[in-house]
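Geometric and topological summary
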Amino acid sequence: MLAGRARVIAVTRRKTACIDGADYILHGDIADPDFCRTLPLDITEIIHCAADVRFTLTLEQARRANVIATRNLLDHARRCARLERVAQISTVYVAGTTPGEFDETPIESSGYASTYEQSKHEAEALAFEAMREIPVVLYRLSVVLGAASFVYPLLRLAQSTNWPDLGIHPDATADVIPAAWAIAALDHLHQHAFQPGRVRHVCAGPNRSISIAEIAGALGVRFDPGAGIHPGRLRALQHILPHLRIHQEFRNEATLADLECGGLAPPVEHFIRLLFATPI
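Quick summary incoming for the structure in this document. These numbers come from a predicted model, not from an experiment.

1. Quick look at the overall build of the protein
When its secondary structure is counted, the protein shows ten helices and twelve strands. Long-range contacts, defined as pairs at least 24 residues apart, comprise 78% of the intrachain contacts of the protein with a sequence gap of at least 6. Summed over all atoms, the accessible surface of the protein reaches about 13,400 Å², with 52% contributed by carbon and sulfur.

2. Side note on the sheet that holds strand β6 (residues 136–141)
Spatially, β3-β4-β6-β10 is the arrangement adopted by the four strands of the open sheet, whose pairing is parallel. The sheet terminates laterally at β3 (45–48) and β10 (199–202), the two strands that pair on one side only. Between one strand and the next, the sheet's axes are offset by a mean angle of 20 degrees, whatever the strand orientation. With four bridges connecting them, β3 and strand β4 (residues 85–91) associate as parallel partners. Paired with E45 across the bridge in β4 is R85. Against the sheet, helix α3 (residues 115–130) contacts β4, β6 and β10, and its axis sits at roughly 155 degrees relative to β4.

3. Quick look at the packing of aromatic side chains
Applying the stated criterion across every chain, the model contains three aromatic pairs. Measuring from ring centre to ring centre gives 5.8 Å for F55 and Y116, while their planes differ by 50 degrees; the resulting arrangement is tilted. Residue F55 is located in the loop between β3 and α2 (59–78), and its partner Y116 is located in helix α3; the two are separated by 61 residues in the primary sequence. Each ring, one from F102 and one from F250, has its centre 5.8 Å from the other, and the planes form 20 degrees; the classification is stacked. Separated by 148 residues along the polypeptide, F102 in strand β5 (residues 100–102) and F250 in strand β12 (residues 248–250) bring together distant segments of the chain.

4. Focus on the nonpolar core
If you look at the biggest cluster of nonpolar residues, it comprises 23 residues, and the most contacted ones within it are I46, L74, L83, V86, I134 and V136. Sorting the residues of this core by element identifies α1 (33–36), α2, α3 and β6 as the ones contributing at least two each. No other element matches α2, which puts five residues into this core. Apart from residues lying up to four places away in sequence, I134 is in contact with L74, A77, R78 and L83. Counting 21 residues, the second largest nonpolar core, distinct from the first, contains Y139, W181, A182 and A204.

5. Remarks on the pattern of salt bridges
A side chain of one charge can pair with a side chain of the opposite charge when the charged atoms of the two come close. Applying the stated criterion to the full structure yields twelve salt bridges. As a salt-bridge pair, D42 and R7 come within 3.4 Å of each other at their nearest N and O atoms. Taken together, the positions of D42 in the loop between α1 and β3 and R7 in the segment before β1 (9–12) put the pair 35 residues apart, joining distant regions of the chain. With a relative accessible area of 48%, R7 lands in the partly exposed category. R200 is the salt-bridge partner of D258, the closest N and O atoms lying 2.7 Å from each other. Linking D258 in helix α9 (residues 253–260) with R200 in strand β10, this pair joins segments that are 58 residues apart in sequence. Classification of R200 as buried rests on a relative accessible area of 1%. Salt bridges here are not isolated pairs; linked through shared partners, they connect E101, D103, R251 and E253.

About the cut-offs
- Residues numbered from 1 in each chain as written.
- Predicted model: local features only at pLDDT ≥ 70, side-chain atom pairs only at ≥ 80, totals over all residues.
- Heavy atoms only, no water.
- Helix = DSSP H or I, 4+ residues; strand = E, 2+ residues; numbered from the N terminus.
- Contact = heavy atoms within 4.5 Å.
- Areas by Shrake-Rupley, 256 points an atom, 1.4 Å probe, with all protein chains shown as cover.
- Pairing = 2+ DSSP bridges.
- Axes fitted to C-alpha atoms, helices over the stretch in contact; angles between N-to-C directions.
- Phe/Tyr/Trp six-rings, centres within 6.5 Å; stacked < 30°, edge-to-face > 60°.
- Core = buried A, V, L, I, M, F, W, Y, C linked by side-chain atoms within 4.5 Å.
- Buried < 20%, exposed > 50% of the residue type's maximum accessible area, 1.4 Å probe, protein only.
- Salt bridge = Lys/Arg side-chain N within 4 Å of Asp/Glu carboxyl O.

Take a look at the structure:
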């Protein structure tokens, strides 16, 4: 998103990480306030996509990775006199297990399927507070296919044709997006449609979400809700199932309108082809 436009400093916890487009790589943990104090103060743009997306973390572990790290980085951003833009990457699933339609606004949740969702919701609260002082935009992504995501166990089940009888209806939908499209959409919005204080839903949206039956059909497998399932696979799905049992839609008409200007809001059939052209 910044390569070729500015000097890029990448921060990573992995000492062996190689990041394309980075002019400098700093190794450290932004959950450590002492490390954050060593970051440059002449920064003009921040893209905060550091997170621990594992669903098995304790709430304390998830908060350290996703909440404390966000607080430290936003505190550092407040000290950067030349700061122009902050992009904070979040998830539409800060909605947790609350059913309904969700706009590109703050979301109140009545419960969470994982500590990941709860910690990301708490991190968003910090971003909304920071919007009063610095130019922050929240980008909520749905399930990104082509990266580590909770859709993988579901797709593995489809490939093996072992579907549990757990109340999942074939018409249940999953908001899933191709990784390449997500990257292009974020890049366009950050470069050409940055508006401080906004929430952006970088997701398929109600009209492009894919049903479970369509996922199975695209993979050439049979949807069999009554088939048995190994207990180990059931555990892998425990954080996915709540979202397939309730109706959730993430509205993104305003964001799609801006993406259309960059040719990035394809018709439904093209979007589905993009999705299943992505290696699983």
